[in-house]
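Here's the letter readout for the chains.
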Amino acid sequence: MNAEASHPEIREAVRKLCAGFPGEYWRALDRDRIYPTEFVRTLTEAGFLSVLIPEEYGGSGLGLSAATAVLEEVHRSGCNGGAAHAQMYTMGTILRHGTPEQKAKYLPAVASGALRLQAFGVTEPTSGTDTTRLRTFARREGDKYIVNGQKIWISRAEHSDLMVLLVRTTAREDVAKPSDGMSVLLVDMREAVGKGLTIRPIRTMLNHATTELFFDNLEVPAENLVGAEGKGFRYILDGMNAERILIASECIGDGRFFIDRASAYAKEREVFGRPIGQNQGIQFPIARAYVQLSAASLMVDKAAAMFDAGIPCGTEANMSKMLASEASWYAADMCVQTHGGFGFAEEYDIERKFRETRLYQVAPISTNLILSHVGTHVLGMPKSF
Ligand SMILES: Cc1cc2nc3c(=O)[nH]c(=O)nc-3n(C[C@H](O)[C@H](O)[C@H](O)COP(=O)(O)OP(=O)(O)OC[C@H]3O[C@@H](n4cnc5c(N)ncnc54)[C@H](O)[C@@H]3O)c2cc1C
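Residues numbered from 1 in each chain as written. Predicted model: local features only at pLDDT ≥ 70, side-chain atom pairs only at ≥ 80, totals over all residues.

**Student:** I'm lost on the overall build of the protein in this one. Help?
**Tutor:** Regarding its fold elements, the protein presents 13 helices and 10 strands. For 385 residues, the compact-globule estimate of 2.2 N^0.38 gives 21 Å, and the protein sits close to it at 21 Å. In terms of overall dimensions, the protein has a C-alpha envelope of 80 × 50 × 40 Å along the principal axes. Of all 385 residues assigned to the protein, the portion counted as buried reaches 47%. Across the protein, contacts joining residues at least 24 apart in sequence account for 72% of those joining residues at least 6 apart. (Helix = DSSP H or I, 4+ residues; strand = E, 2+ residues; numbered from the N terminus. Rg over C-alpha atoms; globule rule 2.2 N^0.38 Å. Buried ≥ 20, exposed ≤ 12 C-beta atoms within 10 Å, placed from the backbone. Contact = placed C-beta atoms within 7 Å.)

Written as structure tokens, this is what we have:
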């Protein structure tokens, strides 16, 4: 399966690397919700997290299509890229909108892994998906901003040196368009924690190192503003396309993991004197999962190719994330059913991957919001909000 896939050398190298991180490794971390430090270090050192950083800044500059190959193979191998994927794309905000000084200061260190830039602070408890109503406010005072507010579901904050943070710098009531008046700040977590920033981990149904953040008069140097003040919402939207396409590729990898496992098990498990996969009630759901995943994979490839060509791809990024997350969830459910009772046993890794892949119908954007984008922006129907 997937013999025609792009970037075969990258895929082969990632598979080799992942073989060093088998199910036992992930199960042990999952039980205690521990960050996969060793896995992330190995991926970093192998250069797989810097594929989107141009060569002039020390990355390999291979583009998003190569990055999707990396994450798909990570997930197909039973590993999870969620602990590291944001190191690939969060830097895009600096790359696209930073000053030459910011790029020179941060990008080479992000490329080498010396700096971890993998926290991305947008979501807030009161505003949810309605980003323009976020309340975290940065007030300019001389050469710094004073930040107050709260964020939720900010992943990897405890494992990041820097965070890209979206704040209001002008109140919503005082701007012409709700999306105006927001700005992007680069927060140095090493300076901030304990001096105005408190991080509280949230235990969830999967091992994802996600947290809640509290800002209480946190001081951020004004030179850490990325791009123009008040234009931050647009910069964040730019970065979201890469994030959605990469997460879609993780779903494709998850789906392949489930299909690989289910088809192998269905050939080998005998009940009533024949392999269960001979029964069409078992065989057809596996085949259907393959068909659905193959179609979703084409959309991911298309979105990544458009992104790499510099063609606007917001709709394709959204559609690929939706199709891939639904295909991986169908495959997850099918895989549990195919395994009968063993689907629930921890040592098979299926129940862990089942929990992990469920996330992607909600984050980084939920399915309803994607349907709303297509309904209104593509098909021109009226907006519900
Ligand atoms: C494990 C995890 C990690 C995350 N990591 C990060 C991170 O690193 N950084 C970050 O900023 N955020 C992060 N998030 C937040 C994530 O992006 C949001 O949870 C997601 O966008 C949904 O927002 P919400 O939870 O506020 O849901 P809400 O906005 O409260 O929506 C709840 C439900 O209602 C639906 N809904 C809302 N409005 C409408 C409407 N008008 N029409 C139809 N349906 C609607 C939504 O689709 C959703 O299903 C993470 C979340 C999780 C669970």
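More follows now that the structure is in view.
**Student:** How should I be thinking about the pairing of strand 1 (residues 117-121) in this particular structure?
**Tutor:** Consecutive side chains along a regular strand alternate between the two faces of the sheet. Of all the five residues making up strand 1, five are buried; the element is thus mostly covered by neighbouring parts of the structure. By the bridge criterion, four bridges tie strand 1 to strand 4 (residues 162-168) in an arrangement that is parallel. Within the sheet, the bridge partner assigned to Ala-119 lies in strand 4 and is Met-163. (Pairing = 2+ DSSP bridges.)

**Student:** How should I be thinking about the packing of helix 9 (residues 232-268) against helix 10 (residues 280-308) in this particular structure?
**Tutor:** To describe two helices that pack against each other, one gives the angle between their axes and the distance between the axes. Here helix 9 crosses helix 10 at 155°, and the two axes come no closer than 9 Å. Put simply, helix 9 runs roughly antiparallel to helix 10. With respect to the hand of their crossing, helix 9 and helix 10 are arranged in left-handed fashion. Here the contact of helix 9 with helix 10 is built from residues that sort into 18 nonpolar, six polar and one charged. (Axes fitted to C-alpha atoms, helices over the stretch in contact; angles between N-to-C directions. Parallel < 35°, antiparallel > 145°, perpendicular 65-115°, else oblique. Left-handed = near helix turned anticlockwise from the far one by under 90°. Nonpolar A, V, L, I, M, F, W, Y, C, P; charged D, E, K, R; others polar.)

**Student:** Explanation requested: the site of the ligand in the structure shown.
**Tutor:** Close to the ligand lie 23 residues; Val-122, Gly-128, Thr-129, Trp-153 and Ser-366 are nearest. Only strand 1, strand 3 (144-155) and helix 13 (367-378) provide two or more residues apiece to the shell around the ligand. Shared between two domains, the shell around the ligand holds at least three residues of each, these being domain 2 (117-231) and domain 3 (234-378). (Near = placed C-beta within 6 Å. Domains from an automatic or database assignment.)

This is a description of form; function is not addressed.
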